Amino acid sequence: MKSNLLKKHAKSFYWASFFLSSNTFNKCSSLYNFCRTLDDIVDDNNNLDVKREIFLKFKKDFENKNFNNQIIKDMWSIVDSENISKQIVIDLFDGVETDLEEKVVIRSKKDLLVYSYRVAGTVGLMMSKILKVKNKEALKGAIDLGIAMQFTNIARDVCEDKERNRHYVRHNFLSIQEIINDSQIFYEKSLNSISYIPFRSRFSVIVARRVYRKIGDHILKQKNIDNYNKAGKIYVPTFDKVIQTVLSIFDFVKLLFIKNLNYDNQENHNILEQEINLNERI
């Protein structure tokens, strides 16, 4: 069931998961199932009050360690075994809860960063804990990769989000281009931090980073809002995934020569830290 959900709903991550050990893959799948459950609650066609009720029950069940729910049981197993701060999971809940409104509008860079950290930077951080990353600077890079991927998601899902009355960016191609350009900063800043992932799991993250980043290129190929609207959900074709996987070998070799990690995305993290104390989470 775990791998089937990942294969069905997260094609880029499933592709990259082939390079993980079975134990690590199972833990990553359990984390994905937990996140997917939260997404499904807020994206369901139920009315808003029903969705809020289901969400609050799931959150309460998590906080009370209701192990009758297998997804919660598996998540707590990861939290305990990988020494993940519960606050990171609460941040995730807070981010998802943002979408439980009649209308969602993000109006500032700070709000976009905070939202993206909560719904995706947290996942990057927890994933890094599963992958046994210890270096604090590298963990900041994991947050950056999560934010970069969330920016990609936002750029890809503008039409779908508009139907749900969620407006993370304006529905025009310039705004879509801008958030893809912003994502590039976070993709770039995240690369060197991957050198601190243990050797066995490193290549999988390199591949995931490259393949997911490529979604932005396919969005930009639409060139205008009319083509974008007609394109539907944009994915990276299999042939392109193969190319990105081969190119990941060069990233892998490059990272072998990283000796000291000097984290240099502090400008964006300073904005984020106006609301989130990252040191408490890391």
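A short tour of the structure in this document, coming up. (Residues numbered from 1 in each chain as written. Predicted model: local features only at pLDDT ≥ 70, side-chain atom pairs only at ≥ 80, totals over all residues. Heavy atoms only, no water.)

1. Describing the nonpolar core
In a soluble, globular protein the nonpolar side chains are often hidden away together inside.
Now for step 1: Of all hydrophobic cores here, the largest spans 82 residues; its most connected members are Phe34 and Phe93.
Now for step 2: Once you skip the residues sitting within four places of it in the chain, Phe34 turns out to touch Phe58, Phe62, Ile71, Met75, Val89, Leu92 and Phe93. (Core = buried A, V, L, I, M, F, W, Y, C linked by side-chain atoms within 4.5 Å. Buried < 20%, exposed > 50% of the residue type's maximum accessible area, 1.4 Å probe, protein only. Contact = heavy atoms within 4.5 Å.)

2. A word on a nonpolar patch on the surface
Now for step 1: A cluster of nonpolar side chains, namely Phe199, Phe239, Val242, Ile243, Val246, Leu247, Ile249, Phe250, Val253, Leu256 and Phe257, defines an oily patch on the protein surface of about 1100 Å² accessible area.
Now for step 2: It is helix α13 (residues 238-255) that provides the largest number of residues to the nonpolar patch, a total of eight residues.
Now for step 3: Secondary-structure assignment places Phe199 in helix α11 (residues 199-220). (Patch = residues over 30% accessible without salt bridge, like charges linked within 9 Å, V, L, I, M, F, W, Y side chains within 5 Å. Areas by Shrake-Rupley, 256 points an atom, 1.4 Å probe, with all protein chains shown as cover. Salt bridge = Lys/Arg side-chain N within 4 Å of Asp/Glu carboxyl O. Helix = DSSP H or I, 4+ residues; strand = E, 2+ residues; numbered from the N terminus.)

3. Some remarks on unusual backbone geometry
Now for step 1: At Asn83, a position not held by glycine, the phi torsion is positive, near 55°.
Now for step 2: Here Asn83 shows up in the loop between α5 (70-81) and α6 (86-97).
Now for step 3: On the basis of relative accessibility, which here comes to 65%, the residue Asn83 falls in the exposed class.
Now for step 4: Of note in the backbone geometry, Lys223 takes a positive phi value of approximately 70° without being a glycine.
Now for step 5: One can find Lys223 in the loop between α11 and α12 (225-231).

4. Comments concerning α6
Now for step 1: With twelve residues, α6 should cover 16 Å at 1.5 Å per step; its first-to-last C-alpha distance of 17 Å lies within 8% of that length.
Now for step 2: Where α6 is concerned, the buried positions are Ile88, Val89, Ile90, Asp91, Leu92, Phe93, Gly95 and Val96. (Expected span 1.5 Å × (residues − 1).)

5. Some details on the pattern of salt bridges
Now for step 1: Scanning all chains against the criterion turns up 21 salt bridges.
Now for step 2: Between Asp157 and Lys233 there is a salt bridge, and its shortest N-O distance comes to 3.5 Å. Highlighted residues: Asp157 in the loop between α8 (136-156) and α9 (158-163) and Lys233 in the loop between α12 and α13, separated in sequence by 76 residues.
Now for step 3: A relative accessible area of 12% places Asp157 in the buried class.
Now for step 4: Close ionic contact of Lys214 with Asp217 constitutes a salt bridge, the shortest N to O distance being 3.2 Å. With Lys214 and Asp217 both in helix α11 and three residues apart, the pair spans about one turn of that helix.
Now for step 5: Residues joined in a network through salt bridges with shared partners are Asp43, Arg156, Asp157, Glu160, Arg164, Arg166 and Lys233.

6. So, the packing of α6 against helix α7 (residues 109-130)
Now for step 1: Taken N-terminus to C-terminus, the directions of α6 and α7 make an angle of 145°; their axes are 7 Å apart at the nearest point. Taken as a pair, α6 and α7 cross one another with a handedness that is left-handed. Between α6 and α7, the contacting residues are Ile88, Val89, Asp91, Leu92, Asp94, Gly95 and Val96 on the first element and Tyr115, Tyr117, Arg118, Val119, Thr122, Val123, Leu125 and Met126 on the second. (Axes fitted to C-alpha atoms, helices over the stretch in contact; angles between N-to-C directions. Left-handed = near helix turned anticlockwise from the far one by under 90°.)

7. Description of α5
Now for step 1: In this model α5 runs 16 Å from its N-terminal to its C-terminal C-alpha over twelve residues, within 8% of the 16 Å that 1.5 Å per residue would give.
Now for step 2: If you check which residues of α5 are buried, you get Ile72, Asp74, Met75, Trp76, Ile78 and Val79.
Now for step 3: For α5, the side-chain oxygen to backbone nitrogen distance between the N-cap and Ile71 is 3.0 Å, and the N-cap itself is Asn69.
Now for step 4: Of the residues flanking the end of α5, it is Asn83, one or two places downstream, whose phi is positive at about 55°. (Polar contact = N/O pair within 3.5 Å; in protein donor to acceptor, adjacent residues only side chain to side chain.)

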